[in-house]
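Spelled out, the chains give:
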Protein chains: 2
Amino acid sequence: MNHPFIAEEIRANGQGFLPGLAIDCVIFGFHQNQLKILLLEYRNTGLFALPGGFVREDEDVNDAARRALVERTGLQDIYLEQFYLFGDQSRHNPAPLRAIMTAKGIEPADSHWLLRRFVTVGYYALVDFTKAVPKADALADSCDWYDLTHLPVLMLDHKTIVQKALETLRVNLDQRQMGLRHLATPLLPETFTMGELQNLYETILGQKLRRTSFQRKMLSLGILERLDKKYSGGAHKAPYLYRFAENAIGSQN
Amino acid sequence: MNHPFIAEEIRANGQGFLPGLAIDCVIFGFHQNQLKILLLEYRNTGLFALPGGFVREDEDVNDAARRALVERTGLQDIYLEQFYLFGDQSRHNPAPLRAIMTAKGIEPADSHWLLRRFVTVGYYALVDFTKAVPKADALADSCDWYDLTHLPVLMLDHKTIVQKALETLRVNLDQRQMGLRHLATPLLPETFTMGELQNLYETILGQKLRRTSFQRKMLSLGILERLDKKYSGGAHKAPYLYRFAENAIGSQN
């Protein structure tokens, strides 16, 4: 599947796939207090893009997104959320895909299905940075993590897609308290200090929070279980470790 | 445009439209403490459906939704929000559209574009019930308001679409305080009592709220302007009238 000349997606007529419909995935990881996303690089073209794919005729759209995530990260059971359909005419530009195919030795006809107008469904996913094993797709040369604060120029409207994904993540983290476990679990180790949880929030929200009110709010949710203190051997007072309580909000999905 | 035999959408090959992509609109109105939505009826078939349409090749997807709203309601500048792409395989069922076309004297070939698998983008809209003038589309016989609590059986997955629209509206009303003006304005008269505002909230949320805490929350938002008392001549104390303050959150959109 990984050799471009036999990838089904590159057949000229798009047979077997829904026409004009793509998916794009903003896959977030958290490492060293940086929010990162996975990007594909197409060498010899200078192009970078979000991982994504197309929807098979015998496949649900959400399943196509899950398939892309498993293929790009090696991880199953990823927290995944559909957030927007990008459908402006202005996003139609055949040049990048033509350049990518040309760089792979394919000379697509003007009628090639990948050069027509596509709408794309945006998904965001949260994955454990330490467990993901990024893997390129049929057309890309590599798939790697990039700091959200230092992204290369992205093709088409992919920067807009990243921005909207981040906005959705922020709203959900801020307002949908029931989703906290799903939002935070893949981004944090199994046990964490209140400071580490606050760091994650601050990084996603892009702003500093007051320590005392953050702690009060988090504890008031009733979904954190306090464990032993974390003894670091340092001069500071050892902080408590926490984890998400079993069954506290287990039925939320 | 309103005669089925000349409607562009019914051409067999779907020329001029994006293939496999539909839009469906859940258009909410509020009247006599009932939340209502607009439905199309296809006589002689027993079928009811959400208003919607297809996307022209030279049109943004969001603009196609706006076009459908203007055509169905006669209103411009409607509050409109895209909320989900419905893309399961299981929603593909050519029978209802075949029945609708047959009832109109059209015998579609099996390859007719409208009988293929479609994904649909769900939008919800809030309109002023008293100002909307519902108008059927090319294939339907009528377009009318139905109480959300007494909907007829809807075709395809349209009931699921209504349910998801209502869930989104509830979350937005509850959490996105900045959107209150946009959410409530088309559903309420220009001036309203606190009781009328609470009624709207209770109807959308499907639950009773405590009067004192509701009033405190609404006033704390700082976007309501208190006007004169509403003198009804009844035995009760006359309640104050309110309206949304100019410029208070005017830049939110």
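Before reading further, recall that the structure is shown in the block above.
Because the structure is a prediction, the values reported are computed rather than measured. (Residues numbered from 1 in each chain as written. Chains lettered and ligands numbered in written order. Predicted model: local features only at pLDDT ≥ 70, side-chain atom pairs only at ≥ 80, totals over all residues. Heavy atoms only, no water.)

**Some remarks on the sheet that holds strand E8 (residues 192-193) of chain A**
All names here are of chain A. Across the sheet, three strands lie side by side as E8-E10-E9; this open sheet has antiparallel pairing. This sheet does not close on itself; its edge strands, each paired only once, are E8 and strand E9 (224-229). With four bridges joining them, E9 and strand E10 (residues 240-244) adopt antiparallel strand pairing. Bridging from a neighbouring strand, Arg226 pairs with Tyr242 of E10. (Pairing = 2+ DSSP bridges. Helix = DSSP H or I, 4+ residues; strand = E, 2+ residues; numbered from the N terminus.)

**A short note on the relation of the copies chain B and chain A**
Superposition of chain B onto chain A requires a rotation of 180° combined with a translation of 0.0 Å along the rotation axis, giving an RMSD of 0.0 Å. Classification of the inter-copy transformation places it as that of a two-fold axis. In this assembly the copies share their binding face: 100% of the residues contributing to the interface of chain B also contribute to that of chain A. (Least-squares fit on C-alpha atoms with pLDDT ≥ 70 in both. Contact = heavy atoms within 4.5 Å.)

**Observations regarding the packing of helix H5 (residues 194-205) of chain A against helix H6 (residues 211-220) of chain A**
All names here are of chain A. Running from N to C, H5 and H6 cross one another at 100°; their axes reach a closest spacing of 11 Å. Between H5 and H6, the crossing angle belongs to the class labelled roughly perpendicular. When H5 is examined against H6, the residues Met194, Leu197, Gln198 and Tyr201 are found in contact with a partner set consisting of Arg211, Phe214, Gln215, Met218 and Leu219. Of the residues contributing to the contact of H5 with H6, the split by class is six nonpolar, two polar and one charged. (Axes fitted to C-alpha atoms, helices over the stretch in contact; angles between N-to-C directions. Parallel < 35°, antiparallel > 145°, perpendicular 65-115°, else oblique. Nonpolar A, V, L, I, M, F, W, Y, C, P; charged D, E, K, R; others polar.)

**Things to note about the environment of Lys229 of chain B**
Residue and element names in this part refer to chain B. Looking at the element boundaries, Lys229 is found in strand E9 (residues 224-229). Sequence-wise, Lys229 and Leu241 are 12 residues apart; in three dimensions their C-alpha atoms are separated by 5.6 Å. With residues up to four places along the chain from it excluded, the contact list for Lys229 reads Lys237, Ala238, Pro239, Tyr240 and Leu241.

**What about the pairing of strand E5 (residues 79-86) of chain A?**
All names here are of chain A. With eight of eight residues buried, E5 is to be regarded as a mostly interior element. Relative to strand E6 (residues 119-126), E5 runs antiparallel, the two being bridged by seven bridges. Within E6, the residue paired with Glu81 across the bridge is Tyr124. (Buried < 20%, exposed > 50% of the residue type's maximum accessible area, 1.4 Å probe, protein only.)

Just geometry here; none of it tells us what the structure is for.
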